[in-house]
Amino acid sequence: MIFVQSFDNKTLILNLNPNTTTFETLKLQIERDLGIPLSLQRIFLNPRRLIGDESTLIAELGVRSNSALTLHLPLFGGMQAPVPPKPRLEFLNTKPPPNYVAGLGRGATGFTTRSDIGPARAAPDLPDRSATTVGGAAAPGGIGRGRGKGGAEEEEEDDGDEKGYDENQKFDEFEGNDVGLFASAEYDEDDKEADAVWEAIDKRMDSRRKDRREARLKQEIEKYRASNPKITEQFADLKRKLCTLSAQEWDSIPEIGDYSLRNKKRRFESFVPVPDTLLEKARQEQEHVTALDPRSRAAGGTETPWAQTPVTDLTAVGEGRGTVLSLKLDRLSDSVSGLTVVDPKGYLTDLKSMKITSDAEISDIKKARLLLKSVTQTNPKHPPGWIAAARLEEVAGKIQAARQLIHKGCEECPKNEDVWLEACRLASPDEAKAVISKGVKAIPNSVKLWMQAAKLEHDDVNKSRVLRKGLELIPDSVRLWKAVVELANEEDARLLLQRAVECCPLHVELWLALARLETYDNAKKVLNKAREKLSKEPAIWITAAKLEEANGNTAMVGKIIERGIRALQREGLEIDREVWMKEAEAAERAGSVATCQAIVRNTIGIGVEEEDRKRTWVADAEECKKRGSIETARAIYAHALTVFLTKKSIWLKAAQLEKSHGTRESLDALLRKAVTYRPQAEVLWLMGAKEKWLAGDVPAARAILQEAYAAIPNSEEIWLAAFKLEFENHEPERARMLLAKARERGGTERVWMKSAIVERELGNTGEERRLLGEGLKLFPSFFKLWLMLGQLEERLGDFEKAKEAYDSGLKHCPSCISLWLSLSHLEEKMSGLSKARAVLTMARKKNPQNPELWLAAVRAESRHGNKKEADILMAKALQECPTSGILWAASIEMVPRPQRKTKSLDALKKCDHDPHVIAAVAKLFWLDRKVDKARTWLNRAVTLAPDIGDFWALYYKFELQHGSEENQKEVLRRCVAAEPKHGEKWQVISKAVENSHLPSEAILKKAVVAIGKEESVAESIKG
């Protein structure tokens, strides 16, 4: 068999034998089947053409059985006749009938256009495309719609026929104007490939212009939206302002009414007379009858005549009331092969919250009863169905039916403990024991049933007897062992726990409980046995350490913890640092401080990189201190100090911990140890001296400062601390000597300032002026010396010298705000407001954006009654310093009282966490008698700025007026602990000569008095 593939892709099957068939026989067979002459046949086998004599066997040419041959035909030139184009619509190519007028048949009136008249030059008539021959020659055309047919027209028509296409043919969407030229050509694969190439080129060019086109389109859209905004965009700014509306303002917005036209139309109202039957019925309903009906009297007054009772369709009422439950149950139930499936847990939950209050719920219970009956009948071995049915009857008030149902459920499901527990709950107290007895007989290994049986007993002896009976059947129940141990006395509990650890050797709580009840020696044996049974349990090692600590063997605590950690690591247990730190805190709470310290010492460094140790340990100590675990934090710091002996920051944090939570002795010991390792740390020496001074031991403080001076001989801080110690303890001569030595050894400007302060305290104005003069020669840029010199001259009444001192100070310190303010106050005293205003204006030019200068200018105008000018200055100040808290606080107090709330909201938006603004808001709450809010905001102010004494004075005054005695003491205590140094009113009082040695408590009370006087003066001015 041979296969021959022809030129039209058809396969010819020839039943020939290649070994007996000649080449000529093959060609003849192909000629008979396909009709192709022998001379035109070109036969190929794969890419090779078969060429041979007519008598050659095709097997010799390589043809085998089932070979596939290919037949080709030679092309000797010429072309196929062009295919005439298929007309789109046949009637367009047909010749119209004579005297045809378009639309005349439907009554249209004809009209003439330029196309009907034609161009100035006569156009050729359209050829008759239907008469076109296959070769392209056209027959003579018909008569056109021109003026006539002349010779020129015939020549042009002949030319058109020779071209083979119509020049006046319509434009084609695909081929364009060349449709006539290529009308007879075929659309082959080459054309398709060319179109694909050109399409790819178009896409490439389009992608190159894509970015520019999209940008231009986006710009046009934005331009369009800018010129035609949406309604929502037009009112966007107004919508944003809605967030500022309060709830009262929002509720006061009137509701929009319905102004549509249909509601404005007057509706026609018709009135008809009321029928007599309706009036009579109303009269009967409202009247009160005191006599009995004759028919009722005939029955003795005990029966109601049927005609007076309205007849109601009870069936319809029941169906209506049961609709809701029916829908709910339909959701719950589903028919699966004839069985009804219900979610028993969800239904039991619903039953617990069900209360019968109406007839409708009775109908619901009936439907539920029917459904649960179907559940128990179709699947009687399903315990939740019986429990649900019993609880339904319990809710319905039929307790006896519930007991019968649950009894039947116990018979059907005897191995389910929930059914027995439900039966015990529903049974009467006398029958409950019998029911639970049957249950434990049916399920002897149920811990729940034995626990329930013990609960039914009233005295501890019977409860213990029941639990021991259960332990005989379930000896490995930890729950039963715990319950029976709780009921026993100490001796019996110890014996029971000995048996319990034999039955449950893998439960650590039993071992630990037994160890607590045993003596010291026996407890160690118990813990050793527990360690053998539970080698991976850390609690055993911790309990052993606590045991040693409780018996006074603190030396063994650290060894036990260290040995335990190594043993646990050998067992492959990962030591979790966080877990062990929690165990340390638990040990501290239990009173085992040595165990806590040992745990911290052995586990604090596990899993911490060497470079992170300091940061991690300090953070752990701070967290423990926040949680109240002081001993744990102390142990962490102690271990950290063994590693970082020379780190001053750790010594300081440990000292702060001892100062807050330790004793004076422990703090002193820590500081002694700290200065041993860090003798160059001034702060540690000063802290130790101060603690001694606060404790009242002035000689010890002096000794510490002497040691500090020996360690750091040129430390100015130690000199000044020694001066303060002597000065505060009323030893001015010793203080003067110390400062003289400090000045001789080249003291800084602070030494000269302190020296001048001592002379001011002693009243030696001449010596004070001399020291200030010498100090200014050495340190002309130290503004405090200029300030003290000016204040000295003011106290003596020599304002001109004071002005010269301030002017000289401003030449050397033009950015010192205190000097500018002092000069402005002096000018106001000497020359009035105009000169002070000029000084403050000059100060603002040299120190722009300074809120203190702006505030001084505003207050100066206010003091002289220029309220309008003060308001203008405040507005300018807030523009230049929009985040200044002192300016916002002053502006709140300046505005009228109704506007203060709005002003305070603006201030909080600009500077939410500024203590001055918060204190101003607290004053508003105070004035509005909102005591709790005022207390909260004042507490927030002193928390944010504990160094400003004015806030403490305001807070203390508030508590004196509205608080209890405890609150007053608490504020006083916190103020003394904070030791405030700043504040406008606080500094004026504390720096006065007569108040130099007063404690913070006395200064606070004087500040409260000063605030009260200032408020009374302000009220009198307003009045």
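So, how was this worked out
- Residues numbered from 1 in each chain as written.
- Predicted model: local features only at pLDDT ≥ 70, side-chain atom pairs only at ≥ 80, totals over all residues.
- Heavy atoms only, no water.
- Helix = DSSP H or I, 4+ residues; strand = E, 2+ residues; numbered from the N terminus.
- Buried < 20%, exposed > 50% of the residue type's maximum accessible area, 1.4 Å probe, protein only.
- Contact = heavy atoms within 4.5 Å.
- Areas by Shrake-Rupley, 256 points an atom, 1.4 Å probe, with all protein chains shown as cover.
- Patch = residues over 30% accessible without salt bridge, like charges linked within 9 Å, V, L, I, M, F, W, Y side chains within 5 Å.
- Salt bridge = Lys/Arg side-chain N within 4 Å of Asp/Glu carboxyl O.
- Lys, Arg positive; Asp, Glu negative; His and termini not counted.
- Charge placed at Lys NZ, Arg CZ, Asp CG, Glu CD.
- Pairing = 2+ DSSP bridges.
- Axes fitted to C-alpha atoms, helices over the stretch in contact; angles between N-to-C directions.
- Expected span 1.5 Å × (residues − 1).
- Phe/Tyr/Trp six-rings, centres within 6.5 Å; stacked < 30°, edge-to-face > 60°.
- Lys NZ or Arg CZ within 6 Å of the ring centre and 35° of its normal.
- Disulfide = S-S within 2.5 Å.

Engineer: I would appreciate a short explanation of the overall build of the chain in the present structure.
Structural biologist: Secondary structure assignment for the chain yields 53 helices and 7 strands. For the chain, buried positions account for 33% of its 1023 residues. Pairs at least 24 apart in sequence give 52% of the contacts found in the chain among residues at least 6 apart. Accessible area for the chain stands at about 65,200 Å²; split by element, carbon and sulfur atoms hold 53% of it.

Engineer: Mind showing me how you'd approach a negative patch on the surface here?
Structural biologist: Together, Glu 186, Asp 188, Glu 189, Asp 190, Asp 191, Glu 193, Asp 195, Glu 199 and Asp 202 make up a negatively charged patch on the protein surface. When you line up the elements, Asp 188 lands in the loop between helix 3 (151–163) and helix 4 (189–208). A relative accessible area of 37% means that Asp 188 is categorised as partly exposed.

Engineer: Explain the sheet that holds strand 1 (residues 2–5) to me, please; I cannot follow it from the model alone.
Structural biologist: To summarise the sheet geometry, strands pair through backbone hydrogen bonds and adopt either a parallel or an antiparallel arrangement. Across the sheet, which stays open at both edges, the 5 strands sit in the order 2-1-5-3-4 with mixed pairing between neighbours. Of all the strands in the sheet, just strand 2 (11–14) and strand 4 (48–49) have a single pairing partner and so form its edges. Sitting on the sheet, helix 1 (residues 23–34) touches strand 1, strand 2, strand 3 (42–45) and strand 5 (68–72), and the angle it makes with strand 2 is about 125°.

Engineer: Could you clarify how one ought to interpret helix 34 (residues 682–694) in this entry?
Structural biologist: The α-helix winds at 3.6 residues per turn, so residues separated by three or four positions along the chain end up facing the same way. Compared with an ideal rise of 1.5 Å per residue, which puts 13 residues at 18 Å, helix 34 spans 18 Å between its outermost C-alpha atoms and is within 8% of the ideal. Leu 684, Trp 685, Met 687, Gly 688, Ala 689 and Glu 691 are the residues of helix 34 that are buried. In this structure, the buried residues of helix 34 make contact with helix 32 (648–661), helix 33 (664–677) and helix 35 (698–711).

Engineer: Would you explain a nonpolar patch on the surface in this entry?
Structural biologist: Where nonpolar side chains cluster on the molecular surface, the patch consists of Val 197, Trp 198, Ile 201 and Met 205 and spans about 370 Å² of accessible area. Tracing the sequence through the fold places Met 205 in helix 4.

Engineer: What is the right way to read the packing of aromatic side chains from this model?
Structural biologist: Aromatic rings considered in pairs are described by the distance between their centres and by the relative angle of their planes. Summed over the entire model, instances satisfying the criterion amount to 5 aromatic pairs. When the centroid spacing of 5.9 Å and the interplanar angle of 50° are considered together, the rings of Phe 925 and Trp 937 count as tilted. Of the two residues, Phe 925 is situated in helix 48 (residues 915–927) and Trp 937 in helix 49 (residues 931–944); the sequence distance between them amounts to 12 residues. For Phe 925, a relative accessible area of 16% puts it in the buried group. A cation over an aromatic ring shows up here: Arg 940 above the ring of Trp 937, its NZ or CZ 5.2 Å from the ring centre.

Engineer: What is the right way to look at helix 46 (residues 885–894) in this model?
Structural biologist: Within helix 46, 7 of the 10 residues are buried, which leaves it mostly tucked inside the rest of the structure. Those residues of helix 46 that sit buried are Gly 885, Leu 887, Trp 888, Ala 889, Ala 890, Ser 891 and Ile 892. In this fold, the buried residues of helix 46 make contact with helix 44 (851–863), helix 45 (867–880), helix 47 (900–910) and helix 48.

Engineer: Would you mind going over the state of the cysteines with me for this structure?
Structural biologist: As used here, a disulfide is simply a covalent bond connecting the sulfur atoms of two cysteines. If you walk through the whole model with that rule in mind, you get 0 disulfides. Cys 424 takes part in no disulfide bond, and the closest cysteine sulfur, belonging to Cys 410, lies 9.9 Å away. Take Cys 424: its relative accessible area is 4%, and that puts it in the buried class.

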